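Take a look at the letters that make up each chain.
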Amino acid sequence: MTEEKKKCMICAKPVLILKGGICEPCQDRIRREALGEQAGIGERADRELAKHGVNPGKKQPS
């Protein structure tokens, strides 16, 4: 019997080993996109704080 190759849910390429239905290259690409989005959110938050007069780099004394 031949082993049936499953297809990646993202790129539809036939692959023997899938984790969660997504191939390794697609998982890596999705992970990089997610990390980049998180970095962008942090930068936007710092800009908004700076607009309101709060220095995002230093902690305020309690």
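Above: the structure in question.
Just so it is clear, the model here is predicted, and its values are computed rather than measured.

Student: Now, about the overall build of the protein: what can you tell me, with residues and values included?
Tutor: Of regular secondary structure, the protein possesses one helix and two strands. If you list the helices and strands of the protein from N to C, you get β-β-α. Counting across all 62 residues of the protein, residues that qualify as buried make up 10%. For the protein, contacts bridging at least 24 residues in sequence account for 0% of all contacts bridging at least 6. Put simply, the protein shows about 5,700 Å² of open surface, and 56% of that area lies on carbon and sulfur atoms.

Student: Tell me what's going on with a nonpolar patch on the surface, and back it up with residues and numbers.
Tutor: Together, Met9, Ile10 and Ile30 make up an exposed nonpolar region whose accessible area comes to about 300 Å². In this structure, isoleucine 10 sits in the loop between strand 1 (6-7) and strand 2 (14-15). Classification of isoleucine 10 as partly exposed rests on a relative accessible area of 42%.

Student: Lay out helix 1 (residues 24-51) in plain terms, naming residues and giving numbers.
Tutor: A turn of α-helix holds 3.6 residues, and therefore any two residues three or four places apart point the same way. Between its terminal C-alpha atoms helix 1 stretches 41 Å, which fits the 40 Å expected from 28 residues at 1.5 Å a residue. Two residues or fewer past helix 1, glycine 53 is found with a positive phi of approximately 85 degrees.

Student: Talk me through unusual backbone geometry; I want residue IDs and the actual numbers.
Tutor: Look at alanine 12: it is not a glycine, yet its phi comes out positive at around 65 degrees. Looking at where alanine 12 falls in the secondary structure, it is placed in the loop between strand 1 and strand 2. Residue classification places alanine 12 among the partly exposed residues on the basis of a relative accessible area of 45%.

Student: Let's hear about the state of the cysteines: which residues, and what values?
Tutor: The tally for this structure, following the rule as stated, stands at zero disulfides. Free of any disulfide, cysteine 23 has its nearest neighbouring cysteine sulfur in cysteine 26, separated by 3.5 Å.

Student: Can you break down the side chain of glutamine 27 residue by residue, with the values?
Tutor: Checked against the element boundaries, glutamine 27 lands in helix 1. Taking relative accessible area as the criterion, glutamine 27 reaches 15% and is therefore assigned buried. Ignoring any residue separated from it by four or fewer positions in sequence, one finds glutamine 27 in contact with Lys19 and Ile22.

Student: So what about the environment of glycine 20? Which residues, and what values?
Tutor: Its location among the elements puts glycine 20 in the loop between strand 2 and helix 1. Residues glycine 20 and cysteine 8, spaced twelve residues apart in sequence, show a C-alpha to C-alpha distance of 9.2 Å.

The rules behind these values
Residues numbered from 1 in each chain as written. Predicted model: local features only at pLDDT ≥ 70, side-chain atom pairs only at ≥ 80, totals over all residues. Heavy atoms only, no water. Helix = DSSP H or I, 4+ residues; strand = E, 2+ residues; numbered from the N terminus. Buried < 20%, exposed > 50% of the residue type's maximum accessible area, 1.4 Å probe, protein only. Contact = heavy atoms within 4.5 Å. Areas by Shrake-Rupley, 256 points an atom, 1.4 Å probe, with all protein chains shown as cover. Patch = residues over 30% accessible without salt bridge, like charges linked within 9 Å, V, L, I, M, F, W, Y side chains within 5 Å. Salt bridge = Lys/Arg side-chain N within 4 Å of Asp/Glu carboxyl O. Expected span 1.5 Å × (residues − 1). Disulfide = S-S within 2.5 Å.

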